[in-house]
Number of protein chains: 2
Amino acid sequence: MKTFPECIPCFIRQSIQAAKFAGAPPVKQKEIADKIEDYLKNINMEDIPPKTSRNMHIEIRKLLNNEDPYKTVKDKYNAIALSMYDRLKEIVNQAEDKLLTALRIAIAGNVIDFGAQIEFELEQDIKDVAIFDYERLKEKLEKEKEILYLGDNTGETVFDRVFIEEIKKIYNSKIIYAVKESPIINDATKEDAIFAGLDKVAEIISTGCNSPGIVLEYCNKNFIDLFNNSNLIISKGQGNFETLEQEKKSVFFLFKIKCNVVADYLGVPKESIVIYNKFPS
Amino acid sequence: MKTFPECIPCFIRQSIQAAKFAGAPPVKQKEIADKIEDYLKNINMEDIPPKTSRNMHIEIRKLLNNEDPYKTVKDKYNAIALSMYDRLKEIVNQAEDKLLTALRIAIAGNVIDFGAQIEFELEQDIKDVAIFDYERLKEKLEKEKEILYLGDNTGETVFDRVFIEEIKKIYNSKIIYAVKESPIINDATKEDAIFAGLDKVAEIISTGCNSPGIVLEYCNKNFIDLFNNSNLIISKGQGNFETLEQEKKSVFFLFKIKCNVVADYLGVPKESIVIYNKFPS
């Protein structure tokens, strides 16, 4: 997916958000935005948006002199998400279709962003998930015993764990859970995955890259080989969709559509929750 | 209300939107955004956001060489809204509390923006309006027989008409409906108000200014005098709230909160629908 003009204000919004989360006062936030605007004048609009976002955040971190502006927010969401684990397990255990419920929870976890009222949204989103490729995903789970699972946000990791535990219980699969090499926005790193207890149920690996989404040209050889050779890939989040949708590879994308650009691209309303696979076979 | 750093990406989003609605291709949209970013570097952050927005849109119109980039969209929304008039009247006539229902409809009309699925949202929003100062507004309507009604968007005008007709039926009031002097974003002008049939139920006047919201320093003397001398002012839309909330004047602000800046300012969630009056007496 290339960059659309509408991505520009969203990039600038991110620069202000990063400055704010890093504790910068409003005057400094505006200053960062002004500088990032100049940076964005020279980007390649043919690039996938998360590639630009990754490089822009390197600039932002330099301007803020802060290696992880989102640290405080990430820690908060990690803690909130982990405190919800027992309740999520209870919801799964009481469900008739346990796998489907766990899958819904994993996607609901993708909704965790920087908003308030997480509890409320969770209940809502567990009910609202539109399941498109569920049956095909089940067929694949039956057949393929090794899964490459592409993580997304901090906190969402706890929701992924609930889904992964259910997959393992039913299919006895081996899971490889891929995270970012180093902090970028609120994306999960190895540390965050371990905090969520994912190391108990999956092998945690790094993509080798620190972009939101997975920009293959920035990933390490190990990850690229794994990606190319995997027969079942489950991918979380819009960022991964933006960066991987053009690959000729069967990937189950699980995410909530968070912007009009992607909504228009897929021809569905913003806020839709999708399970999308271009090449399901 | 002053300008917050978060307003900057929103201004830039507006510049891209204007270019898009005017039919500019993506490359031109990005070009406009780049130029507007430079413009925004020198704005006064102490100004109220609609003042900056007004001056920025003068720049945008020059860059696009187009006096009304939103014309096509406005015409479309005018037509859609007018086609809903009979149904809105029916909803009011079947209601137990007709005034309250008409009031809800007027606020629901504020939700009309550039989204799809207007029908659906209307049903939802008519139910969801949170009424805070309804009783006090009724007391005022009982006492004051001349109302200055500050309009907002094109299309919303039809919804205002339904509310105004109900007010006139019950209180026999005289209504002065204020609109923008010339096109700005999707705000209603005299032409739009007449299209909605407001001239049949109100005296339509111009504020003399072409900013979103009502920036008093840009308004004509007639409007400023009227504003200062009115005993009952009903104001529609967030823009009017942003520009008039700091005035020491009893104004009933009816609007849906469309951004986080105003939501944080009022301490309520985004998307809230409010009837707000700082000085109700």
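Residues numbered from 1 in each chain as written. Chains lettered and ligands numbered in written order. Predicted model: local features only at pLDDT ≥ 70, side-chain atom pairs only at ≥ 80, totals over all residues. Heavy atoms only, no water.

Draft legend 1. Local environment of the interface of chain A and chain B. Taken together, the contact pairs 17 residues of chain A with 18 residues of chain B. Surface buried jointly by chain A and chain B totals about 1700 Å² across both partners, of which 62% is contributed by carbon and sulfur atoms. Of all residues in chain A, A:Pro5, A:Lys30 and A:Lys41 bury the most surface against chain B, accounting for 33% of the area lost on that side. If you look at where chain A meets chain B, you find four salt bridges. Taken together, chain A and chain B are joined by six residue pairs in polar contact (both at pLDDT 80 or more). Residue assignment for the side of chain A that touches chain B shows that the elements contributing at least two residues are helix H1 (7-21) and helix H2 (26-41) of chain A. Examining the composition of the side of chain A that touches chain B, we find that eight residues originate from one element, H2(A), more than from any other. Here the side of chain A that touches chain B is composed, by residue class, of eight nonpolar, one polar and eight charged. (Contact = heavy atoms within 4.5 Å. Buried area = accessible area lost by both parts, 1.4 Å probe. Salt bridge = Lys/Arg side-chain N within 4 Å of Asp/Glu carboxyl O. Polar contact = N/O pair within 3.5 Å; in protein donor to acceptor, adjacent residues only side chain to side chain. Helix = DSSP H or I, 4+ residues; strand = E, 2+ residues; numbered from the N terminus. Nonpolar A, V, L, I, M, F, W, Y, C, P; charged D, E, K, R; others polar.)

Draft legend 2. How the structure looks around unusual backbone geometry. All names here are of chain A. Positioned with a positive phi, Asn172 is a non-glycine residue whose angle comes to about 55°. On the secondary structure map, Asn172 appears in the loop between helix H9 (156-171) and strand S2 (174-179). The exposure class of Asn172 is exposed, given its relative accessible area of 65%. Its identity is not glycine, yet Glu271 carries a phi of approximately 80°, on the positive side. Here Glu271 is to be found in the loop between helix H13 (260-266) and strand S6 (273-276). Overall, Glu271 belongs to the partly exposed group, its relative accessible area being 46%. (Buried < 20%, exposed > 50% of the residue type's maximum accessible area, 1.4 Å probe, protein only.)

Draft legend 3. Representation of the sheet that holds strand S4 (residues 233-236) of chain B in the model. Residues and elements named next belong to chain B. Read across the sheet, six strands follow the order S3-S2-S1-S4-S5-S6 without closing on themselves; strand pairing throughout is mixed. Each edge of the sheet is formed by a strand with only one pairing partner; in this case those strands are strand S3 (203-206) and strand S6 (273-276). Each strand of the sheet is rotated relative to its neighbour by a mean of 20°, with strand direction disregarded. Along the sheet face, helix H11 (residues 221-229) touches strand S1 (146-150), strand S2 (174-179), S3, S4 and strand S5 (251-256) and points at about 120° away from the line of S1. (Pairing = 2+ DSSP bridges. Axes fitted to C-alpha atoms, helices over the stretch in contact; angles between N-to-C directions.)

Draft legend 4. Layout of the relation of the copies chain A and chain B. Aligned on chain B, chain A shows an RMSD of 0.0 Å; the corresponding rotation is 180° and the shift along the axis is 0.0 Å. Here the transformation between the copies is reduced to the relation of a two-fold axis. The C-alpha atom lying nearest the rotation axis in chain A is that of A:Pro9; the distance is 2.3 Å. Take the interface residues of chain A: 100% of them recur as interface residues in chain B, which is what a same-surface contact looks like. (Least-squares fit on C-alpha atoms with pLDDT ≥ 70 in both.)

Draft legend 5. Spotlight on the packing of aromatic side chains. Tallying each qualifying case throughout the model produces 16 aromatic pairs over all chains. Both rings, one in A:Phe241 and one in A:Phe253, keep their centres 5.3 Å apart while their planes meet at 90°; by these two values the pair is edge-to-face. With A:Phe241 in helix H12 (residues 238-244) and A:Phe253 in strand S5 (residues 251-256), the pair connects residues that are twelve residues apart, well separated along the chain. When the centroid spacing of 5.8 Å and the interplanar angle of 85° are considered together, the rings of B:Phe241 and B:Tyr276 count as edge-to-face. Taken together, the residues B:Phe241 in helix H12 (residues 238-244) and B:Tyr276 in strand S6 connect sequence positions 35 residues apart. (Phe/Tyr/Trp six-rings, centres within 6.5 Å; stacked < 30°, edge-to-face > 60°.)

Draft legend 6. Spotlight on the sheet that holds strand S3 (residues 203-206) of chain A. Residue and element names in this part refer to chain A. Reading across the sheet, the six strands line up as S3-S2-S1-S4-S5-S6 and stay open at both edges, with mixed pairing between neighbours. Pairing within the sheet leaves two strands with one partner each, and these edge strands are S3 and S6. On average, each strand axis in the sheet is inclined to that of its neighbour by 20°, with strand direction left out of account. Across four bridges, the pairing between strand S4 (residues 233-236) and S5 is parallel. The residue bridging Ile234 from the neighbouring strand is Phe252, located in S5. Contacting strand S1 (146-150), S4, S5 and S6, helix H6 (residues 98-109) crosses the sheet at an angle of about 115° to S6.

Draft legend 7. Broad picture of the environment of B:Glu217. Tracing the sequence through the fold places B:Glu217 in the loop between S3 and H11. At 3.2 Å, the side chain of B:Glu217 forms a polar contact with the side chain of B:Lys51.

Draft legend 8. Molecular detail of the pairing of S5(B). Residues and elements named next belong to chain B. Summarising burial for S5: six of the six residues are buried, a large majority. In S5, alternate side chains face the same way, and those of Val251, Phe253 and Phe255 on one face and Phe252, Leu254 and Lys256 on the other are all buried. Chirality of the crossover, the property in question, places the unit of S4, H12 and S5 among those that are right-handed. Bridge count for S5 against S6 is four bridges, and the pairing is antiparallel. Note on S6: the bridge partner recorded for Lys256 is Ile273. (Right-handed = clockwise from strand over helix to strand, strands pointing away.)

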